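# A structural walkthrough
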Amino acid sequence: MDQIDRRILAELQRDGSLSNAELAERVGLSTTPCWRRVRLLEEQGYIRGRVALLNRDKLNVGVTVFVSVKTARHDAEWLAEFARVVQTMPEVQEFHRMSGEVDYIMKVVVPDIAAYDRFYKRLIEEIDLSDVSSSFAMEEIKNTTELPLSYL
């Protein structure tokens, strides 16, 4: 990983739709070496994929809910089932196992409180949970998909 690789990653994080020619120009390479570096970064797992970031408000999923979950079960079989259930729910954008008082946290996007209530009812119907606590985001202050590259 050198400075050019870091610049490639930085540019692709900002705009994954860049053509190879545009990317090469931005990082100071010709197209063939740039393409080779991108392929190598993909093969090495630095680049997992490329996506389009959509406008949540235009798609009517502008409400963000952080869902904290506590459970009495901590065995592998239960976790596999919980993960399977969550994977089937498109409203869940993120799902993390936590340390501390909360066992799991989910980031959920929905159109409104009524839609969240339907999501909540589906969730508790599908899997046994001890406690579910929901916090509605009032304002989004920062939201980025760009990872810090200064640690490379």
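Residues numbered from 1 in each chain as written. Predicted model: local features only at pLDDT ≥ 70, side-chain atom pairs only at ≥ 80, totals over all residues. Heavy atoms only, no water.

What follows deals with helix α1 (residues 3–14). Helix length check: α1 (12 residues) gives 17 Å between terminal C-alpha atoms against 16 Å at 1.5 Å per residue, within 8%. Within α1, the full set of buried residues consists of Asp5, Ile8, Leu9, Ala10, Glu11 and Leu12. The opening residue of α1 is Asp2, an N-cap whose side-chain oxygen sits 3.1 Å from the backbone nitrogen of Ile4. (Helix = DSSP H or I, 4+ residues; strand = E, 2+ residues; numbered from the N terminus. Expected span 1.5 Å × (residues − 1). Buried < 20%, exposed > 50% of the residue type's maximum accessible area, 1.4 Å probe, protein only. Polar contact = N/O pair within 3.5 Å; in protein donor to acceptor, adjacent residues only side chain to side chain.)

Attention shifts here to the pattern of salt bridges. Taken as a whole, this structure holds 11 salt bridges when the rule is applied. Across the pair Glu81 and Arg84 runs a salt bridge whose closest N-O atoms are separated by 2.7 Å. Here the residue Glu81 and the residue Arg84 both occupy positions in helix α4 (residues 76–87), the gap between them amounting to 3 residues, near one helical turn. In this structure Arg84 comes out as partly exposed when scored by relative accessible area, which is 42%. Taken together, the salt bridges that share partners define one network made up of Asp2, Asp5 and Arg37. (Salt bridge = Lys/Arg side-chain N within 4 Å of Asp/Glu carboxyl O.)

Let us look at the environment of Arg122. Counting through the fold element by element, Arg122 comes out in helix α5 (residues 113–126). The class of Arg122 is partly exposed, set by a relative accessible area of 33%. Placed 33 residues apart in sequence, Arg122 and Met89 show a C-alpha to C-alpha distance of 9.1 Å. If we skip the residues at most four places from it in the chain, Arg122 touches Met89 and Glu91. (Contact = heavy atoms within 4.5 Å.)

Here we take up the nonpolar core. By size, the foremost hydrophobic cluster in this structure holds 20 residues, and its most contacted members are Val67, Phe82, Met106, Val108, Tyr116, Leu123 and Leu129. Mapped by element, the contributors of at least two residues to this core are β1 (63–70), α4, β3 (104–110) and α5. Once residues lying within four places of it in the same chain are set aside, the contact partners of Met106 are Val65, Phe66, Val67, Val69, Phe82, Val86, Val92, Glu94, Phe95 and Leu123. Core analysis: the second largest hydrophobic core is formed by 11 residues, Ala24, Val38, Leu41 and Ile47 among them. (Core = buried A, V, L, I, M, F, W, Y, C linked by side-chain atoms within 4.5 Å.)

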